[in-house]
Amino acid sequence: MKIGVIGAGYVGLITSVCLADRGYAVQCWDSDERKISLLSSGKSPIFEESLEPLLKKNIGKNFSVENVSKMPGKLKDFDVVFVCVGTPSRQDGSVDLTQIYSAADSIAMGLKSLGGGKRILIVVKSTVIPGTTEELKRYLEKKTGLKSGGDFGIAMSPEFLREGLAVKDFFYPDRMVFGVEEKKDYALLSSLFAFVKCPMMETDLKTAEMIKYASNAFLATKISFINEIGNLGKKLGIDAYEVAKGMGLDSRIGPKFLEAGIGFGGSCFPKDVKALVAKFKQEKISAAVLESVMAINEKQPLLLVEVACRREGSFKGKAVGVLGLAFKAGTDDMRESRAIPIVNALVSEGAKVIAFDPEATDNARKIFGSKINYASNAKDVISKCDFIFVLTAWPEFKEDIYGSKHVYDGRRILPGKSGGNYEGICW
Ligand code: NAD
């Protein structure tokens, strides 16, 4: 079986390289020449645990990558094509499908030249709002004059990987969801992933799309919920982590995603919750829970700055250290990182920010430029600053490196510390 993948970002690259490693011949297409040349030389454009060794092992063998402009002429060689392009937020929070339709144009060109000679299964893996895959199908039919079902198949299989654990999640997912229109496409996809041992669920296209949004929205809700409880707890002298531990022992609740702190970031939760809220609005249905989830998440990082300002007075002219810029440990991704509003607030307070992140400094430079200074390790930050904000839970920040510095912990990275020079946000 020959596999094509459109988009060499987190999802496309993990899908490509991991399927190649399982013995499939995989061709990945992207529009970004910088990524293509990096990948072709065996270098990963993103930091993701165990990805680069797998890439090096498979590049030029089972896996290759080239410009998407070359795809239409070659489509006939493929059995399954995964669409893994980005679906960012528009200004109003709704999902921007520009990359999806640009990929669809390339697919349509390829299908049209094939003229229905071979049935290729197009699988949307990007996160798209319910109804999108069906619209995409109609778009392809209109552009090619072909009929889905006979001439090509369409499916929707949401991706649930977590950045930082993406390779592991690919091989050991909790479940796989295949939204299909025909039984044979479910059979094809479940046999393609037969090496994965997990529950597999067959649904229609819309349900598969909604499972992804509902999952992310639910996890985001857990985080905002415990943050809200934690904000009250902080006033009352109650530790949100003790509360979460007590709650999590209830098997109906579970302990995960009850880690109070400065809120959620990343490329998925904020954008997906906003997109779902926009869909509620479009359908004129109240999204009270999810709107509150986002509102709490917007305020949460700034509460840490408030806590610090209450204790220290003004930071004007003071050197303030920031440890951790990535939206979470294990990645260099800074999309929607909660470090962004905190660093911006500290800079507007007049602080001289010196920051360090083990992986995300290059991406941080694109966001903050010369507004802040960058250190090459945590100890350097601590030696230069009296006030330290810990914003990402990298394991190396857990060590006892802070001495007598005033620490403002947004991730509960130093659970043993409390009182004195240490302050948390919800504890
Ligand atoms: P990304 O931005 O990292 O990657 C998208 C890639 O697509 C880029 O390399 C871009 O150059 C390429 N691209 C854009 N238009 C193209 C086109 N017309 N032809 C070929 N290539 C094109 O995005 P990502 O983080 O991999 O996310 C992809 C999708 O998967 C999104 O819908 C996202 O919500 C979803 N998702 C992401 C994650 C995650 O952790 N990152 C997890 C689950 C689901």
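Residues numbered from 1 in each chain as written. Predicted model: local features only at pLDDT ≥ 70, side-chain atom pairs only at ≥ 80, totals over all residues. Heavy atoms only, no water.

Asker: Whenever I open this one, the packing of aromatic side chains confuses me. Can you help?
Answerer: Each aromatic ring pair is specified by the distance between its two centres and by the angle formed by the two planes. Inspection of every chain in the model, using the stated rule, returns 17 aromatic pairs. On the basis of an interplanar angle of 40° and a centroid distance of 6.0 Å, the ring pair of Phe 193 and Phe 195 is categorised as tilted. Residue Phe 195 is classed as partly exposed on the basis of its relative accessible area, which comes to 24%. Put simply, the rings of Phe 82, Phe 170, Phe 171, Phe 178, Tyr 186, Phe 193 and Phe 195 touch in pairs and so form one group of aromatic residues. Taking the ring centre of Phe 78 as reference, the NZ or CZ of Lys 2 above it sits at 5.0 Å. (Phe/Tyr/Trp six-rings, centres within 6.5 Å; stacked < 30°, edge-to-face > 60°. Buried < 20%, exposed > 50% of the residue type's maximum accessible area, 1.4 Å probe, protein only. Lys NZ or Arg CZ within 6 Å of the ring centre and 35° of its normal.)

Asker: When you look at unusual backbone geometry in this model, what are you seeing that I'm missing?
Answerer: Leaving glycine aside, a negative phi is the common case for residues, and trans is the common case for peptide bonds. Positive phi outside glycine occurs at Lys 284, with the angle close to 55°. Locating Lys 284 in the fold gives a position in the loop between α11 (269–282) and α12 (288–312). Notably, Glu 336 is not glycine yet its phi reads approximately 55°, a positive angle. Mapped onto the elements, Glu 336 comes out in the loop between β9 (319–323) and α13 (339–348). The partly exposed category is assigned to Glu 336, whose relative accessible area is 32%. (Helix = DSSP H or I, 4+ residues; strand = E, 2+ residues; numbered from the N terminus.)

Asker: Any chance you could explain helix α2 (residues 33–40) here in plain terms?
Answerer: Side chains three or four residues apart in an α-helix point the same way, a direct result of the helix having 3.6 residues per turn. Restricting attention to buried positions, one finds in α2 the residues Lys 35, Ile 36 and Leu 39. Buried residues of α2 fall within an arc of 100° about the axis and therefore sit on the same side. Against α1 (10–21), β2 (25–30), α3 (51–58) and β3 (63–67) lie the buried residues of α2. You can read the cap of α2 off the contacts: a side-chain oxygen lies 3.0 Å from the backbone nitrogen of Arg 34, and it is on Asp 32. Gly 42 occupies a position one or two residues after α2 and carries a positive phi of about 85°. (Arc of directions from axis to C-beta. Contact = heavy atoms within 4.5 Å. Polar contact = N/O pair within 3.5 Å; in protein donor to acceptor, adjacent residues only side chain to side chain.)

Asker: Help me understand the domain arrangement of the protein chain in this model?
Answerer: A common measure of how large an interface is: the accessible area buried when the components associate. Here the protein chain is described as being made up of domain 1 (2–203) and domain 2 (235–424). If you average the C-alpha positions of domain 1 and of domain 2, the two centres end up 33 Å apart. Taken together, the contact between domain 1 and domain 2 spans 16 residues of the former and 17 residues of the latter. Overall, the association of domain 1 and domain 2 removes approximately 1,300 Å² of surface from exposure, summing both partners, and the carbon and sulfur fraction of that is 53%. Among the residues of domain 1 in contact with domain 2, Phe 47, Ile 129 and Glu 163 are the three that bury the most area, contributing 45% of the side total. If you look at where domain 1 meets domain 2, you find 1 salt bridge. Glu 163 is paired through a salt bridge with Arg 335; the nearest N and O atoms lie 3.7 Å apart. The interface formed by domain 1 and domain 2 contains 7 residue pairs in polar contact (both at pLDDT 80 or more). Residue composition of the side of domain 1 that touches domain 2, grouped by class: 8 nonpolar, 6 polar and 2 charged. (Domains from an automatic or database assignment. Buried area = accessible area lost by both parts, 1.4 Å probe. Salt bridge = Lys/Arg side-chain N within 4 Å of Asp/Glu carboxyl O. Nonpolar A, V, L, I, M, F, W, Y, C, P; charged D, E, K, R; others polar.)

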